[in-house]
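# Structural overview
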There are 2 protein chains.
Amino acid sequence: MNWDQVFATRAGRMKASEIRELLKLLDQPDIISFAGGIPDARLFPAEAFGAAYAEVLSGPDAVPALQYSVSEGYRPLRDWLVGHMARLGVTCSANNVFIVSGSQQGLDYLGKLFLSPGDTALVTFPAYMGALGAFNAYEPAYDRLDPRSNREVESYRDKAAATGGRVKFAYCVPDFSNPTGETLSRADREAILDLTEALDIPVIEDAAYQALRFDGDNVPSILALDLQRHNGDIDAVRTVYCGSFSKTLSPGLRLGWIVAGKDLIRKLVLAKQAADLHTSTINQAVMAKVATRLFDAQVDTIRAAYRHRRDRMLAALDRHMPKGVQWTRPEGGMFVWVTLPEGMDGADLLAKSLQSQRVAFVPGRAFHADGSGANTLRLSYSCASDEMIDEGIARLGRLIEGEMAGV
Amino acid sequence: MNWDQVFATRAGRMKASEIRELLKLLDQPDIISFAGGIPDARLFPAEAFGAAYAEVLSGPDAVPALQYSVSEGYRPLRDWLVGHMARLGVTCSANNVFIVSGSQQGLDYLGKLFLSPGDTALVTFPAYMGALGAFNAYEPAYDRLDPRSNREVESYRDKAAATGGRVKFAYCVPDFSNPTGETLSRADREAILDLTEALDIPVIEDAAYQALRFDGDNVPSILALDLQRHNGDIDAVRTVYCGSFSKTLSPGLRLGWIVAGKDLIRKLVLAKQAADLHTSTINQAVMAKVATRLFDAQVDTIRAAYRHRRDRMLAALDRHMPKGVQWTRPEGGMFVWVTLPEGMDGADLLAKSLQSQRVAFVPGRAFHADGSGANTLRLSYSCASDEMIDEGIARLGRLIEGEMAGV
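Everything in this summary refers to the structure shown in the same document. (Residues numbered from 1 in each chain as written. Chains lettered and ligands numbered in written order. Predicted model: local features only at pLDDT ≥ 70, side-chain atom pairs only at ≥ 80, totals over all residues. Heavy atoms only, no water.)

Let us look at the nonpolar core. Counting residues in each nonpolar core, the largest one holds 240 residues, and the members touching the most others are Phe245(A) and Phe245(B). Setting aside anything within four residues of it in sequence, one finds Phe245(B) in contact with Leu77(B), Trp80(B), Leu81(B), Ser250(B), Leu255(B), Trp257(B), Met287(B), Ala291(B) and Phe295(B). (Core = buried A, V, L, I, M, F, W, Y, C linked by side-chain atoms within 4.5 Å. Buried < 20%, exposed > 50% of the residue type's maximum accessible area, 1.4 Å probe, protein only. Contact = heavy atoms within 4.5 Å.)

Structure representation (structure tokens):
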């Protein structure tokens, strides 16, 4: 799956035979991969899930767990999420919580609901590739969301009108973003709310990595800041918060959630009813039990493991990267974002890296809605061992050094 | 969920207060319901599911089961389905099988893939309401699919052009259809293939109830007949087969599948990747085990139970329905379709039935893309006990008799 992402970036410029050659390389076990944007499934609580499935299927819950259920989601899971959101400073009711089959599905429904061909979505450059993929199905144009820009509101409107539509929403990953690992400051978040208020559009806050902070201070979610602007009235906010269990408890159950004003939730429920009826009943019943029992402990486990890997990767980058290469220092999440000297190409580097160094990563251009970012790349440390990190970054450093000398 | 369907049919004509009154009635336990189009979850193999979840989560499969997986679906489940389809006379490979989160999701993706606003979908009158709901998101027009009509091919094209699009596909439920319970004959199926061949469009064969035949002879699937027309070359067929585990093993896991030529499958896989990445990994792993172990035995159990309920309902209808009321005699599935005398209105009857008889069903107009069918209604026997059937049909017969006398 993630190899597709790697190759999507080169496919347009490579012959089929070249792609096949690269794919053959990736099947080989000696490749050190920092490419996959996936969590470490060895850290997930398999035993607790096993116990919860057994419990649900052996008791009175078995019959409803195997039956159809309501499109908005299983009530005990929504109730747990109300408590979870309250701990994040967001007071809402179960009517504001909608369960989706992974937060990716939430992005798809939001694209479906808001975008007509030619409309504009504001996204960061770079942005999560999967969000661009979900939105692309509805044929939008993209404009740049940059909380520090001084662009006039009218310039967004004019640019959107030029592609035959209107600005429909802003999308961002404020915490430990995919792909850069960076976190938006409180001022950045307020600036996004100012802009979207002026444009009268929703903000889609993709909080997929929110729980994975290793250090630094918590920044309130955009939704929490938006709530403050509306005296705590959740039904008055313009923020649509997309949460996910995929980075903390498991992506294999396909469970995410959306928190928003109840009018929007009602529309999303109707969209889901038409699209796939509802999310797996049994998985929701099991997740309600597992989240209640060990969400906090599980988050601690994952944070500790990823913090160690991030530290190891940053130390290796410090040791091995030549001068002129820059990278982010994320306070959480799964990714480090590397910027090569101008003129170097991440996709070309990948091809060379796979062949000569046996190291994989994702070139950065694929994350850029405008096709820029050729000299960037994403490294994921989430599934890497100390040895993989030390050896893989050393090899990558040597390769980049050689390339820079050759340039 | 299914109450929404009941009320969707009246909502346009009722005041909110009236709807609230009816909803209050439906919360009461003394209502006898033939409304819900849902299987009897008490018949599902909860113990076998429990054992399979335990097995997957305690062995080496636990880590991959909790991880992201490929968009096309879990290979062992696709392999089981290749064998299942072979038993239905369809020879295909795993490349022709695509796992979806319930066959409803397959209908949504097919709508997304084929329909632009103003395009035409051919559907039976009546048709499965959920299919119309899925397609409606893509703003099609509908034209009638009637295998026994003698309409010229050009008339379909002209009608589609008049709404600004083209005929994009035909959709039907050939076996024990929702809502009528009727089955298309082999000749009907061949006629549909003739028409769609002439129009050069796909046929979406919704086989949700295919396994639930109680008596009568099996009719080959449209896909099997299409394969015969193409010398067994699955990649040359125009039929898109949508299968479901929801009526046999459980809807709570949200698992269905599509079988089609590999070019179409590839497009659907890309659509799913953008829309929700993939179907629940663990549920697919569990279903592969449970289907392998007991699909046939499970189908026997469900057939026996539903056959008994169908017989009981047909006998009750024979006893209690006044002359002038007609109904189908399904050879399988979950539904009997009742036609009232011209001039009677199923939605009005429902309101009266809920109030005076405490019996619920689904009025038929909601299944008609053209708003016809006012004098029809759908009865489901899938979850009904002998006593419910005897008493509920007796009450409904009395009510209809009274209404006919009053008309």
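So that's the structure; there's more coming.
Turning next to the relation of the copies chain B and chain A. When chain B is fitted to chain A, the best match, at an RMSD of 0.0 Å, comes from turning it 180° and sliding it 0.0 Å along the axis. In short, the pair behaves as if placed about a two-fold rotation axis. Mapped onto chain A, 100% of the interface residues of chain B again fall at the interface, so both copies present the same surface. (Least-squares fit on C-alpha atoms with pLDDT ≥ 70 in both.)

It is worth spelling out helix H12 (residues 281-320) of chain B at this point. All names here are of chain B. Between the first and last C-alpha of H12 there are merely 49 Å, a value that for 40 residues lags more than 12% behind the 58 Å anticipated at 1.5 Å per step. Within H12, the axis deviates most sharply at Leu294, by approximately 70°. A side-chain oxygen of the first residue of H12 lies 3.3 Å from the backbone nitrogen of Asn283; this N-cap is Ser280. (Helix = DSSP H or I, 4+ residues; strand = E, 2+ residues; numbered from the N terminus. Expected span 1.5 Å × (residues − 1). Bend = angle between axes of the 7 residues up to and from the residue. Polar contact = N/O pair within 3.5 Å; in protein donor to acceptor, adjacent residues only side chain to side chain.)

Time to look at empty space enclosed by the protein. Residue and element names in this part refer to chain B. On inspection of all chains with the given rule, the structure shows four cavities of 30 Å³ or more. Taken as a whole, the largest cavity holds about 90 Å³ of empty space. Taken together, His84, Ala207, Ala208, Tyr209, Gln210, Ala211, Tyr241, Gly243, Ser244, Thr248, Trp257 and Phe295 make up the full set of residues lining the largest cavity. Looking at the lining of the largest cavity element by element, the count peaks at three residues for strand S7 (residues 239-244). In terms of residue class, the lining of the largest cavity is built from seven nonpolar, five polar and no charged. (1 Å grid on protein atoms, 1.4 Å probe; cavity = no way out; pocket = protein on both sides within 12 Å on 5 of 7 lines; lining within 4 Å. Points joined across faces, edges and corners; volume = space filled by probe spheres on them. Nonpolar A, V, L, I, M, F, W, Y, C, P; charged D, E, K, R; others polar.)

Turning to the interface of chain B and chain A, a few remarks are in order. Counting residues at the interface gives 47 residues for chain B and 47 residues for chain A. For the pair chain B and chain A, the interface holds two salt bridges. In this structure, Lys112(B) and Asp108(A) form a salt bridge, with 2.9 Å as the shortest nitrogen-oxygen distance. On the surface where chain B and chain A come into contact, there are 27 residue pairs in polar contact (both at pLDDT 80 or more). When residues of the side of chain B that touches chain A are traced back to their parent elements, those giving at least two are helix H3 (46-58), helix H4 (62-65), helix H6 (103-114), helix H7 (129-136), helix H11 (262-276) and H12 of chain B. Per-element accounting of the side of chain B that touches chain A gives the leading share, five residues, to H3(B). (Salt bridge = Lys/Arg side-chain N within 4 Å of Asp/Glu carboxyl O.)

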